[in-house]
Amino acid sequence: MAKSSLAGKFCVVTGATSGIGLAVALSLAGRGGRVLGIGRDPGRAEAARALVAEAAKAAGGPEPRYELADLSLMSEVAGLARRIGEVESRIDVLVNCAGVYVDRRLLTAEGLETQFAVKHLAPFFLTRSLLPLLEAASEGRVVTVSSDSHYYGWIRWRDPSLGRCYLGLWAYEQSKLANVLFSYELARRLGPGSRVKVAVADPGLANTSMGEKHGPSLASLFWSLRRRCGTPPSVPAEAMASLAALPQGQLPSGLYWKAGKPVASSRLSYREKDAKRLWELSESLVDRALKGGTRVKGPSEGGS
């Protein structure tokens, strides 16, 4: 079966320098989409751009470009959204794919817990900031990457940064549940008549190095061993690209997708009161970060 074309579509992908994010960028370019990849490191961004350019050339599509932004910092997310808006009149596809895993509590320079900042607050803030451009498209799409880890997560409402007791896995599960709650709430707020469709994508176990980027540890060793059983990043990436390319009438908004099919998400993810509460909490945390936060040196975001 021929792949659905994305010719003429402008696609933004975060975390697009490695892992699933890079694979998504390659897949979208391979369908003819015009790709804007987001990365943090200039060298890795240029190497990724060259690979995506090859895929675009093979598909007869336009040259990709890359923007640099540290998505652990809300100030940089704001700057990224502003720069995109200065150049583009619409966005057809936004894939929130940037991720990070740390096994000890680390705060960003704005005082936010790193995993929550990169994996939830960044996509929350970036999507909201780019929403006018998404609504300007005839068929706007927002695809946010979650994980089956969200089934085990819950939101620490009084301590979202896990300051009292931190485990990297707890922070990971919380951020992945936040992805689902946010996506469902965004779909509700946009309403059934919106031209912007919202999807949450579960990539399954993929063979990426995300959990090994912050040095050796017991957690990084476990990640290294476990990921060997995973699929190549191109497998979930193709499923996400297919979501982006589905005709408007075939993509119900606000569903959780895995392997190209909608499946049930966790019981907690359907709590509308929690989704609204998370939206308000996220607005508060982003606003605090933009006003200066707590100036504590922290790590930066990495690709999924």
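> Sorry, what's going on with helix α8 (residues 272-290) here?
An α-helical segment advances 3.6 residues per turn. Residues three or four places apart therefore align on the same side. Helix length check: α8, at 19 residues, gives a terminal C-alpha distance of 27 Å against a target of 27 Å (1.5 Å per residue), a fit within 8%. Listed as buried for α8 are D274, A275, L278, W279, L281, S282, L285, V286 and A289. In this structure, the buried side of α8 is in contact with α3 (74-87), α4 (114-135) and α5 (168-190). Count one or two residues on from α8 and you reach G292, which has phi positive near 130°.

> What am I meant to see in unusual backbone geometry here?
Even without being a glycine, L162 presents a positive backbone phi close to 55°. For L162, the position within the fold is in the loop between β5 (140-145) and α5. Judged by relative accessible area, L162 falls into the buried class, the value being 2%.

> It is not clear to me how the packing of α3 against α8 should be interpreted in this structure. Could you clarify?
The relative placement of two packed helices is expressed as an angle between their axes plus a distance between the axes. Closest axis-to-axis distance for the α3/α8 pair is 8 Å, and the angle between their directions is 95°. As summarised for this structure, α3 and α8 are arranged roughly perpendicular, according to the angle between their axes. Seen from α3, the contacting residues are M74, S75 and A78; seen from α8, they are V286, A289 and L290. Split into classes, the residues belonging to the contact of α3 with α8 amount to 5 nonpolar, 1 polar and no charged.

> Is there a simple way to explain the sheet that holds strand β7 (residues 255-258) in this structure?
The pairing of strands in a sheet comes from backbone hydrogen bonds and takes either a parallel or an antiparallel form. Judged by pairing direction, the sheet is mixed, and its 8 strands sit side by side in the order β3-β2-β1-β4-β5-β6-β7-β8 without closing on themselves. Looking at strand neighbours, the two that pair on one side only are β3 (65-68) and β8 (261-263), the edges of this open sheet. Looking at each pair of strands side by side, their axes are set apart by 25° on average, direction ignored. With 4 bridges joining them, strand β4 (residues 93-96) and β5 adopt parallel strand pairing. Note that in β5 the partner of V95 across the bridge is V143. This element, α4, spans β1 (10-14), β4, β5 and β6 (196-202) of the sheet and lies at about 175° to β4.

> Looking at this model, I keep getting lost on a nonpolar patch on the surface. Mind explaining?
Together, Y151, Y152 and V263 make up a nonpolar patch on the protein surface, roughly 310 Å² of accessible area in all. Within the fold, Y152 resides in the loop between β5 and α5.

> Whenever I open this one, the packing of aromatic side chains confuses me. Can you help?
What characterises a pair of aromatic rings is the spacing of the ring centres plus the angle enclosed by the ring planes. Following the criterion strictly, the structure yields 7 aromatic pairs and no others. Centre to centre, the rings of F124 and F182 are 5.5 Å apart; their planes meet at 75°, and the pair counts as edge-to-face. Here the residue F124 occupies a position in helix α4, and F182 occupies one in helix α5, the gap between them amounting to 58 residues. Each of the two residues, F124 as well as F182, counts as buried. Ring geometry for Y184 versus Y270: centroids 5.6 Å apart, planes at 20°, classification stacked. Here Y184, found in helix α5, pairs with Y270, found in the loop between β8 and α8; they are 86 residues apart in sequence, far enough to count as distant. Judged by its relative accessible area of 4%, Y184 is buried. Here the aromatic cluster, defined as three or more aromatic residues joined through ring pairs, consists of F124, F182 and W279. The residue whose ring lies beneath R189 is W279, and the NZ or CZ to ring-centre distance is 4.2 Å.

> Would you mind going over the environment of L246 with me for this structure?
Of note, L246 is situated in the loop between α7 (234-245) and β7. Look at L246 and you get partly exposed, because its relative accessible area is 21%. The sequence separation of L246 and L6 amounts to 240 residues, and the corresponding C-alpha distance is 9.6 Å.

> For this particular structure, what's the right way to read α7?
Taking 1.5 Å per residue as the helical rise, α7 with its 12 residues ought to reach 16 Å, and the 16 Å between its terminal C-alpha atoms agrees with that figure. What α7 keeps buried is the set P236, A237, M240, A241, L243, A244 and A245. Considering only its buried residues, α7 is in contact with α1 (19-30), β4, β5, β6 and β7.

> I tried to follow the environment of W279 on my own but got confused; where do I start?
Within the secondary structure layout, W279 lies in helix α8. In this structure W279 comes out as buried when scored by relative accessible area, which is 7%. Sequence separation between W279 and F124 is 155 residues, and the spatial gap between their C-alpha atoms is 8.4 Å. Apart from the residues within four sequence positions on either side, W279 is in contact with F124, R128, F182, E185, L186 and R189.

> Whenever I open this one, the confidence of the model for the protein chain confuses me. Can you help?
Here the protein chain averages 90 in pLDDT, and 87% of its residues register 70 or above. Note that pLDDT drops below 50 for residues 208-212; the model gives that stretch 22 contacts with residues more than four away or on any other chain. Contacts from residues 295-304, a stretch scored under 50 in pLDDT, to residues over four places away or in other chains number 47 contacts.

So, how was this worked out
Residues numbered from 1 in each chain as written. Predicted model: local features only at pLDDT ≥ 70, side-chain atom pairs only at ≥ 80, totals over all residues. Heavy atoms only, no water. Helix = DSSP H or I, 4+ residues; strand = E, 2+ residues; numbered from the N terminus. Expected span 1.5 Å × (residues − 1). Buried < 20%, exposed > 50% of the residue type's maximum accessible area, 1.4 Å probe, protein only. Contact = heavy atoms within 4.5 Å. Axes fitted to C-alpha atoms, helices over the stretch in contact; angles between N-to-C directions. Parallel < 35°, antiparallel > 145°, perpendicular 65-115°, else oblique. Nonpolar A, V, L, I, M, F, W, Y, C, P; charged D, E, K, R; others polar. Pairing = 2+ DSSP bridges. Patch = residues over 30% accessible without salt bridge, like charges linked within 9 Å, V, L, I, M, F, W, Y side chains within 5 Å. Areas by Shrake-Rupley, 256 points an atom, 1.4 Å probe, with all protein chains shown as cover. Salt bridge = Lys/Arg side-chain N within 4 Å of Asp/Glu carboxyl O. Phe/Tyr/Trp six-rings, centres within 6.5 Å; stacked < 30°, edge-to-face > 60°. Lys NZ or Arg CZ within 6 Å of the ring centre and 35° of its normal. pLDDT = per-residue confidence, 0-100.

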